[in-house]
Amino acid sequence: MQWQKQRKWYKKQNKKLTMSKREIKLKPLSYDDLAIIHEAKNNEELVANLSTGFRYSSEPSSMDWLHEVIKDKSIEIAGIWYKERANQKLEMTGIISFSKIDTLHRTAELHVQLFANYGVGLGSQVLPMWLEHGFDDLNLNRIYLHVQTANDRAVSLYNTAGFQHEGLLRQSVFKKGEYRDRYIMSILRSEYLERKTT
């Protein structure tokens, strides 16, 4: 019953999260997405390039996680839906989100996770849509992220989008039996607006 009430509130409050661009759609997560999310959370290879550690998640744990991110007002999260061809159906192929949204300092942390469709330029199309949402709809001033230094594809994506390197977090995440370094990167509202007008 609690989740059903939350579902109605979430759909009402987050219509603005639905964004479309050709074969791509960003739309709020729903409880109908649980099976896809549960599978992704338990795929160690998918999690390997993220800044979070891998832990096996039971289905009830995945449901609890989904429920928490849906009701948490400091989080904006959307599923990335994509179709490769015009005659195909949209399929959920990833998640993009802002966490730790601080309305006083107008900052948020960016997270991007793709489940499939690597190497087709999906990230470079989705990221500008989400940054526009962050700066224009949420009125953020600074968007930051953490990325593993060895994740060349992600680092290149963020560089191209205008993110600046702020520093190196040495051995700040433990992955597959070893400590790994991460960059902290950010983009400011003024930088985003300058790029948008040039």
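That block above? That's the structure.
Residues numbered from 1 in each chain as written. Predicted model: local features only at pLDDT ≥ 70, side-chain atom pairs only at ≥ 80, totals over all residues. Heavy atoms only, no water.

## Focus on the overall build of the chain
Argument step 1. Scanning the chain for helices and strands turns up 7 helices and 8 strands.
Argument step 2. Long-range contacts, defined as pairs at least 24 residues apart, comprise 61% of the intrachain contacts of the chain with a sequence gap of at least 6. (Helix = DSSP H or I, 4+ residues; strand = E, 2+ residues; numbered from the N terminus. Contact = heavy atoms within 4.5 Å.)

## What about the side chain of His67?
Argument step 1. With respect to the helices and strands, the residue His67 is situated in helix 4 (residues 59-71).
Argument step 2. Polar side-chain contacts of His67 include one of 2.9 Å to the side chain of Tyr31. (Polar contact = N/O pair within 3.5 Å; in protein donor to acceptor, adjacent residues only side chain to side chain.)

## A few points about the environment of Pro28
Argument step 1. Mapped onto the elements of the fold, Pro28 is located in strand 2 (residues 24-28).
Argument step 2. Pro28 sits 68 residues away from Ile96 along the chain, and the two C-alpha atoms are 9.9 Å apart.

## Digging into the packing of aromatic side chains
Argument step 1. A complete count under the given rule lists 4 aromatic pairs for this structure.
Argument step 2. For the pair Tyr158 and Phe163, a centre-to-centre distance of 5.7 Å together with 65 degrees between the ring planes defines the contact as edge-to-face. Here the two residues Tyr158 and Phe163 agree in accessibility, since each one is buried.
Argument step 3. Of note, Lys27 hangs over the ring of Trp81, and the distance from its end group to the ring centre comes to 4.2 Å. (Phe/Tyr/Trp six-rings, centres within 6.5 Å; stacked < 30°, edge-to-face > 60°. Buried < 20%, exposed > 50% of the residue type's maximum accessible area, 1.4 Å probe, protein only. Lys NZ or Arg CZ within 6 Å of the ring centre and 35° of its normal.)

## A short note on the pattern of salt bridges
Argument step 1. For the coordinates displayed, the defined rule picks out 5 salt bridges.
Argument step 2. When the shortest N-O distance is used, the salt bridge between Lys100 and Glu109 registers 3.3 Å.
Argument step 3. Judged by relative accessible area, Glu109 falls into the buried class, the value being 6%. (Salt bridge = Lys/Arg side-chain N within 4 Å of Asp/Glu carboxyl O.)

## Details of the packing of helix 5 (residues 122-137) against helix 7 (residues 189-197)
Argument step 1. In contact at an axis separation of 11 Å, helix 5 and helix 7 are set at 120 degrees when each is read in the N-to-C sense. Taken together, the axes of helix 5 and helix 7 are oblique relative to one another. Pair helix 5 / helix 7 crosses with left-handed handedness. Residues Leu131, Glu132, Phe135 and Asp136 of helix 5 lie in contact with helix 7, whose contacting residues are Arg189, Tyr192 and Lys196.
Argument step 2. Grouping the amino acids of the contact of helix 5 with helix 7 by side-chain chemistry returns 3 nonpolar, no polar and 4 charged. (Axes fitted to C-alpha atoms, helices over the stretch in contact; angles between N-to-C directions. Parallel < 35°, antiparallel > 145°, perpendicular 65-115°, else oblique. Left-handed = near helix turned anticlockwise from the far one by under 90°. Nonpolar A, V, L, I, M, F, W, Y, C, P; charged D, E, K, R; others polar.)

## Observations concerning the nonpolar core
The nonpolar side chains of a soluble globular protein tend to be buried, and buried together.
Argument step 1. Within the largest apolar cluster, 29 residues are counted, with the highest numbers of intra-cluster contacts made by Leu26, Ile96, Leu110, Leu131, Ile143, Tyr158 and Phe163.
Argument step 2. Sorting the residues of this core by element identifies strand 2, strand 3 (76-82), strand 4 (91-102), strand 5 (107-114), helix 5, strand 6 (142-148), helix 6 (152-160) and strand 8 (178-188) as the ones contributing at least two each.
Argument step 3. No other element matches the 7 residues that helix 5 contributes to this core.
Argument step 4. Sequence-distant contacts of Phe163, that is, excluding residues within four places in its chain, are made with Leu110, Leu127, Leu131, Ile143, Leu145, Tyr158, Met185, Ser186 and Ile187.
Argument step 5. Core analysis: the next-biggest nonpolar cluster, separate from the first, contains 14 residues, Tyr31, Ala40, Met63 and Val69 among them. (Core = buried A, V, L, I, M, F, W, Y, C linked by side-chain atoms within 4.5 Å.)

## Describing the pairing of strand 3
Side-chain positions along a regular strand alternate between the two faces of the sheet.
Argument step 1. For strand 3, the tally of buried residues reaches 7 of 7 residues, placing the bulk of the element in the interior.
Argument step 2. Residues Glu76, Ala78, Ile80 and Tyr82 point to one face of strand 3 and Ile77, Gly79 and Trp81 to the other, with burial holding for every one of them.
Argument step 3. As paired elements, strand 2 and strand 3 share 5 bridges and run antiparallel to each other. Note on strand 3: the bridge partner recorded for Lys25 is Trp81.
Argument step 4. Summarising the sheet, strand 3 and strand 4 pair through 7 bridges and their orientation is antiparallel. (Pairing = 2+ DSSP bridges.)

## Re helix 2 (residues 34-41)
Argument step 1. If you check which residues of helix 2 are buried, you get Leu34, Ile37, His38 and Ala40. Angular distribution of buried residues about the axis of helix 2 spans 165 degrees; they occupy a single face of the element. Seen from the open side of helix 2, the exposed residues pointing more than 90 degrees away from its buried face are Ala35 and Glu39. (Arc of directions from axis to C-beta.)

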